[in-house]
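Breakdown of the fold
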Amino acid sequence: MGAFTAIILAVAIIMSCILIYVPNMHIIALKIEDSKLTGGRVSVMDMLKASDMELQGEGEETRKTVLKGHQIRLTLPQNVTSASVSIENFHVDKNIAISINGIGKDYFDEYPMLGESNNITDITYASENLVGVIEITLDRVLEAQMTSEGEYIYIDFVDPHEVYDKIVVIDAGHGGNVPGATKMGVYEKDINLDIVLELKRKFDRCDKNIGVYYTRTDDSNPSFENRVGLANDSKADVFLSVHNNSTASGRMSSINGSEVMYEGGDSSGESKKFASLCLDHLLGELGSKSKGTVVGDEVYIIRMSKSPVALVEVGFMTNQKELENLQDKEYQRKAAQALYDAVLEYLDEN
Ligand SMILES: [Zn+2]
């Protein structure tokens, strides 16, 4: 056997080993992914489905008040009070996490849950270090309201508009591995988020009964469907998306100023009206140049929005001065102030 044949043979053997091994690697990877996802989390949805039967044994009152498709009832062990229960609502994922301090893995064995599931698509449970987390997946955006009575905790799932006078959805553009415009090592996604977090600080202090939902408050990248879906699902009174601009070529240039996109297809004119308010306030607060309001129907979240929508481009990252401004905390605060005022003015007039 010549050296050449030996090499060919060796290559062939290596290739077939790889071919045999690769599918296995794939399966192993999937399994790891799978166990990471579950994380010891088990679906307790069957309990909810079975609770109809359990209810037969309950009093008339419970049957009437609990479980009209929008409530679940949990029973707390003696040593656990309602103060140990906290609820976090991830509106954009239609996911609600109920954390209870002091309950272990076998909690549900002893204290079954009652409920009905008109809007609940799944409930899972996991406990670590005696902190139990019940995760509820919904098919629409709902608020969770907790009341307690003795050993019982009731959680009602209600329409956001039953809780709040107005609903605002705020979207920080891009995120995760989609940075948006990138100039001099500065990512648009980060500036968008900084401004939105400033905006959140203002809304958190706002004493009006306004529900504000954010598509992201960290470096995640929700899908476009989920972003506009949050506005549509919650029937938001207004939908604001925060971005920053760059020239078409992406080259640094003298072009600068604030621009706001609206939905031309919105025949009510509300989107344009809201966009104009955003622009006016930005110009007033930042002293930036007006690039006007422009039709943005080619943008998915604008076109698909059922709520009055404005997508603001606060400034140009391709302009040296504006790029510096946009990284400045005080400038970001001013931009947030402008958008906050625009939202409140729009809601006041509607
Ligand atoms: Zn952008």
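Above: the structure in question.
Residues numbered from 1 in each chain as written. Predicted model: local features only at pLDDT ≥ 70, side-chain atom pairs only at ≥ 80, totals over all residues. Heavy atoms only, no water.

Brief notes about helix H10 (residues 320-327)
Worth spelling out the cut-off: When accessible area is computed with a 1.4 Å probe and restricted to protein chains, residues below 20% of their type maximum are described as buried, those above 50% as exposed, and intermediate ones as partly exposed. The helix and strand labels rest on DSSP assignments: H or I over at least four residues marks a helix, E over at least two residues marks a strand, and numbering proceeds from the N terminus. For this quantity, the arc is that covered by the directions from the helix axis to the C-beta atoms. Whether two residues are in contact is decided by their heavy atoms, any of which lying within 4.5 Å being enough.
Every buried residue belonging to H10 is among Glu322, Leu323, Asn325 and Leu326, and all of these are buried. For H10, the arc enclosing every buried residue in end-on projection is 160°, short of the 170-degree limit, so these residues lie on one face. Check the buried side of H10 and you find it contacts strand E11 (182-183), strand E12 (186-187), helix H6 (188-205), strand E14 (238-245), strand E17 (309-316) and helix H11 (329-349).

Points about the sheet that holds E17
We apply this condition: Between any two strands, at least two bridges found by DSSP are needed for them to pair. What counts as an axis is a line fitted to C-alpha atoms, over the stretch in contact for a helix, and the angles between N-to-C directions run from 0 to 180 degrees.
With mixed pairing, the six strands of this open sheet are ordered in space as E13-E10-E14-E17-E15-E16. The open sheet terminates on both sides in strands that have one partner only, identified here as strand E13 (210-214) and strand E16 (290-295). Strand-to-strand twist across the sheet, computed as the mean angle between neighbouring axes with direction ignored, equals 20°. Here E14 pairs with E17 via six bridges, running parallel. Residue Phe239 lies in a different strand from E17, and its bridge partner there is Val309. Of the strands in this sheet, strand E10 (166-172), E13, E14 and E17 touch H6, which is tilted by about 140° from E14.

Regarding the nonpolar core
The following threshold applies: Residues belong to one nonpolar core when they are buried, are Ala, Val, Leu, Ile, Met, Phe, Trp, Tyr or Cys, and are joined through side-chain atoms within 4.5 Å.
One finds Phe203, Leu240, Cys278, Val312 and Leu339 to be the most contacted residues of the largest nonpolar core, which totals 44 residues. At 11 residues, H11 tops the list of elements feeding residues into this core. Those residues in contact with Phe203, other than ones at most four positions away along the chain, are Ile170, Val212, Tyr214, Tyr340, Val343 and Leu344. Judged by nonpolar contacts, the second largest core, of 27 residues, contains Met113, Ile123, Ile136 and Phe157.

Digging into the sheet that holds strand E7 (residues 131-138)
Across the sheet, five strands lie side by side as E1-E6-E7-E4-E3; this open sheet has antiparallel pairing. Strands with a single pairing partner mark the edges of an open sheet, and in this sheet they are strand E1 (42-43) and strand E3 (85-90). Relative to E7, strand E4 (residues 95-101) runs antiparallel, the two being bridged by seven bridges. Across the sheet, the residue bridging to Ala97 is Glu135, located in E7.

A few points about the pattern of salt bridges
Applied cut-off: When a carboxyl oxygen of Asp or Glu lies within 4 Å of a side-chain nitrogen of Lys or Arg, that pair is called a salt bridge.
Counted by the stated rule, this structure contains 10 salt bridges. With a shortest N-O distance of 3.2 Å, Lys189 and Asp219 are connected by a salt bridge. On the criterion of sequence distance, the pair formed by Lys189 in helix H6 and Asp219 in the loop between E13 and helix H7 (224-233) is long-range, its members being 30 residues apart. Note on Asp219: relative accessible area 44%, which makes it partly exposed. One salt-bridge network, in which partners are shared between bridges, spans Glu198, Arg201, Glu330 and Arg333.

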